[in-house]
Amino acid sequence: MKTNKICAIIGNEHEYADLLPLTENRPLSTLYFDCKYRIIDFALSSVVNANVRSVFMLVNEGRVKSIFDHLGGGREWGLDSIGSYQYFSFYQDMVRKKAQGELPVGDIIDFLKAAKAPYTVYLTNKFVCNLDLRAVLKIHQEQNNQMTAVFKRAAANRIAPDDHILTLKKDGTVKHVKEFRKMSSKTEVYNLSLGVFIVNTEWLIEQLQNSQTLSLEEFLFNSLPQIKSSTYEYTGYVSNIYDLPSYYQANLDMLNSENYNSLLFSSHKVITRTKNEVATYFSIASDVQNSQIATGCVIKGKVANSLISRRTLVDNGAVVDHAIIMGSTKIGAKSQIRYALVDKDVTIDPGVKIIGQPDNLLVVKKNEHITANIHGGK
Amino acid sequence: MKNEMIAVILAGGQGSRLKDLTKDSAKPAVPFGGRYRIIDFTLSNCVNSGIYNIGVITQYQPLTLNNHIGNGASWGLDHLDSGVTILQPYSNKEGSKWFEGTAHAIYQNIDYIDSMDPEYLLVLSGDHIYKMDYDQMLQTHKEKKAALTVAVIDVPWDEASRFGIMNTDENNRIIEFEEKPAHPKSNHASMGIYIFNWQRLRSVLVNAFTKEVPMIDFGKNVIPFYIKSGDNVFAHNFSGYWKDVGTIQSLWEANMEFIDDQDGLNVRDRSWRVFSKNPIAPPQFITDTATVNASMVVDGCFVAGKIEHSILSANVQIKGGSLVKDSVIMPGTLIGKNVTIKRAIIGENVTIGDNAVIDGTKEVAVVGNGEVIGVKPDED
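In this report, the structure presented in the accompanying data block is examined. (Residues numbered from 1 in each chain as written. Chains lettered and ligands numbered in written order. Predicted model: local features only at pLDDT ≥ 70, side-chain atom pairs only at ≥ 80, totals over all residues. Heavy atoms only, no water.)

Structural notes on the pairing of strand β6 (residues 119-123) of chain A
Residues and elements named next belong to chain A. Across the 5 residues of β6, 5 count as buried, placing the element largely inside the fold. Residues Y119, V121 and L123 line one face of β6 and the alternating positions T120 and Y122 line the opposite face, and both faces are buried. The pairing of strand β1 (residues 6-10) with β6 spans 5 bridges and is classified as parallel. In the strand pairing of β6, I6 is matched with Y119. (Buried < 20%, exposed > 50% of the residue type's maximum accessible area, 1.4 Å probe, protein only. Helix = DSSP H or I, 4+ residues; strand = E, 2+ residues; numbered from the N terminus. Pairing = 2+ DSSP bridges.)

Take a look at the structure:
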């Protein structure tokens, strides 16, 4: 019988205070992206597009609702069929185990043994990219590696302080790994780790059995320069989410058709939760330019340079410009929204102005009802 | 498990009056309203009315329809004690059994219906656009202690001779049925929606086919037989939006009425949702050269041209300088630069080359599925 070649672990280790209040009640993984996706869709789609059928997800106890809401039974990703296996575990459980003197990663080892895949891929939760894991596996096998790490050459202004930078030897193997904030040499471009690793499962189990680590990512980064490993350079579109400007920019990047095509129209489909919605209606007075809109919306006002998620109403005379609207929001007549991120289920009263600045984005929290003007910046 | 009522949707018709739109798929599978296929309205009515076991009878070009319905998950029909079953013609020791008419199709699928063991059988056609609570109709059926209840809608008198007309008495009992009468006595048109007491219908069909009495069609044979045999046949009056989309003109009209939500369907009402199998596609991209007004657009569309009072279905691309007016563009169609399309229905996966003109000002223009128009061989 043919066994599954790769099993996957998706981590949720990264949370950033700079993304608040958007991540108040949801992990970074389930932040909206480009009207209808969530950040986790990209990692999960890479996984299922590589025909991986066993997925282990590490989540934080307090924020699990949003992940379950989105994934449901995993039908859209084909994870509800026989032979597929979704497993959830909590970080807090690892901490508890460690305190009780047990092996913190015991659940992960059990999963790896049950999945019976010779290779394991680990993916982090903060990058938006469309990665072909089978191509990475090919390199991993050809190089006869214990571990293969994926990186992207990225500009310094798109890297977070806690991101990891790979310094490579001439032969492409990893010389050392350092957090970006600890890098002494300053250049314009760095080999930014995308937090994706393919490892030999047998080796991983063996190592984890003797490890007290509470962070798989830290464990993998530490091992990388010490074992037979090499790298895979990802050349497609990527965005790195770590604060409001990076999150905002990643979304607006989709209004550049080159980025949009690279990420969403590659040969690997990005899968997300499907919902039943009516087609978006544009009234006779609507005026929409350079924007992306999901279905179920009613657009009667003016929309420019913006991204609008499902079931949003933009009423008569309203103006939405350089804004991200995250779904089921009611934007009242003659209101104005500029340079702002508006979370789900917000109501904005008619005539209200929410005016941010390019360097001072405003955020409207989920479920809020805005009755008075908000101005950002000067 | 015992079901009070199950539904059978007759979806086998070719719909030849839809011309090239049905050359490779059955009428109920024709796209509608940007997001749907025609059968979605009937299927959604069923689940919204609490009917969770549905047989779909197919015959003509069933591939698209089968693929669309799948295991019924899109309508929540993959739950416990629910399901959608595709019923296709099959052969057995007595030879192959093509469905010769609506009642004959039910007769051929007695095994399926018996396996569901329903008290009542709801017979539907899969080619109308409407929202209707079949449970209300069942209540009428039970109150009147009817053997057969036929849903009727009052049509304008001058159109009545195009329909099957039910003449009723003061108790709403149907006393006469006339198929397309030249001089109609009433304007109660049959909607092709029937509730039968299953055991009675079963014995009528078995008896007739055993004795070779013609019982092929509900309208032609079964309803007149019920009336003649003194069975209780009642009308159930319906008064919402109901549109037969059997012709190019009516399909185009129904789509145009759908755009502004002026048809009374109230399609955005979340308490009676219309479900469909939704493709996974990125959000629609309205570029800075586009203008979109009085139109409906769905996921996966890329719009650089001018769209006026039209419907764009999933994954349609329209390049700069093109005008689409009063038209319906079905899924996957690509339209080049400086194209003009007016009063047209463009089928699925059509490719239209630069500078083409499709003008249906006199009569609604149709381009069939998969056609390629005005593309030079050296163009990409």
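Quick look at the interface of chain A and chain B
Counting residues at the interface gives 41 residues for chain A and 34 residues for chain B. Here chain A meets chain B over a buried area of about 3100 Å², counting both sides, of which 51% is carbon and sulfur. By the criterion of area lost to chain B, the three top residues of chain A are N276(A), V278(A) and F282(A), representing 22% of everything that side buries. Summed over the shared surface of chain A and chain B, the number is 1 salt bridge. For D299(B), the salt bridge identified is with K36(A), shortest N-O distance 2.5 Å. Inspection of the chain A/chain B interface yields 24 residue pairs in polar contact (both at pLDDT 80 or more). Secondary-structure elements contributing two or more residues to the side of chain A that touches chain B are α9 (257-264), β14 (280-282), β15 (287-289) and β16 (291-293) of chain A. (Contact = heavy atoms within 4.5 Å. Buried area = accessible area lost by both parts, 1.4 Å probe. Salt bridge = Lys/Arg side-chain N within 4 Å of Asp/Glu carboxyl O. Polar contact = N/O pair within 3.5 Å; in protein donor to acceptor, adjacent residues only side chain to side chain.)

Topic: the packing of helix α4 (residues 106-115) of chain A against helix α6 (residues 201-208) of chain A
Residues and elements named next belong to chain A. Relative to each other, α4 and α6 sit at 155°, their axes nearing to 10 Å. Of the possible angle classes, the one that applies to α4 and α6 is roughly antiparallel. Every pair of crossing elements has a handedness; the one defined by α4 and α6 is left-handed. The residues of α6 that touch α4, namely those facing I108, I109, L112 and K113, are T201, L204, I205 and L208. A class-by-class count of the residues in the contact of α4 with α6 yields 6 nonpolar, 1 polar and 1 charged. (Axes fitted to C-alpha atoms, helices over the stretch in contact; angles between N-to-C directions. Parallel < 35°, antiparallel > 145°, perpendicular 65-115°, else oblique. Left-handed = near helix turned anticlockwise from the far one by under 90°. Nonpolar A, V, L, I, M, F, W, Y, C, P; charged D, E, K, R; others polar.)

A few points about helix α7 (residues 218-228) of chain B
All names here are of chain B. Looking only at α7, the buried set comprises F218, G219, N221, V222, I223 and Y226. For α7, the capping residue at the N-terminal end is D217, with a side-chain oxygen 3.3 Å from the backbone nitrogen of G219. With its phi angle positive at about 75°, G230 sits one or two positions after the end of α7.

Description of helix α7 (residues 216-223) of chain A
The buried fraction of α7(A) is high, at 6 of 8 residues. Of all the residues in α7(A), the buried ones are L216(A), E217(A), F219(A), L220(A), F221(A) and S223(A).

With respect to the packing of aromatic side chains
Geometry of an aromatic ring pair is reported as the spacing of the ring centres plus the angle between the planes. Under the definition given, this model contains 26 aromatic pairs over all chains. With a centroid separation of 4.6 Å and 45° between ring planes, the pair formed by F68(A) and F88(A) is classed as tilted. Pair noted here: F68(A) is in helix α2 (residues 64-71) and F88(A) is in strand β5 (residues 85-90), with a separation of 20 residues, a long-range link. Take F68(A): its relative accessible area is 37%, and that puts it in the partly exposed class. We classify F88(A) as partly exposed; its relative accessible area is 22%. With a centroid separation of 5.1 Å and 85° between ring planes, the pair formed by F180(A) and Y190(A) is classed as edge-to-face. With F180(A) in the loop between β10 (174-179) and β11 (189-200) and Y190(A) in strand β11, this residue pair connects regions lying 10 residues apart in the sequence. A relative accessible area of 14% places F180(A) in the buried class. Owing to a relative accessible area of 4%, Y190(A) belongs among the buried residues under this scheme. Members of the aromatic cluster, joined through ring pairs, are Y260(A), F265(A), F285(B) and F302(B). (Phe/Tyr/Trp six-rings, centres within 6.5 Å; stacked < 30°, edge-to-face > 60°.)

Considerations on the environment of Y122(A)
Residue and element names in this part refer to chain A. Relative to the elements of secondary structure, Y122 occurs in strand β6. Assessed through its relative accessible area of 3%, Y122 is described here as buried. Sequence separation between Y122 and V238 is 116 residues; the distance between their C-alpha atoms is 17 Å. Beyond its immediate chain neighbours, meaning those up to four positions away, Y122 contacts I9, G11, E13, G195, V196, F197, L216, E217 and L220. Side-chain polar atoms of Y122 contact the side chain of E217, separated by 2.9 Å.

With respect to unusual backbone geometry
All names here are of chain A. Of note, the bond from L20 into P21 is cis; its omega dihedral lies within 30 degrees of zero at 5°. In this structure, P21 sits in the loop between β1 and β2 (32-33). Even without being glycine, N51 reaches a positive phi, approximately 60°.

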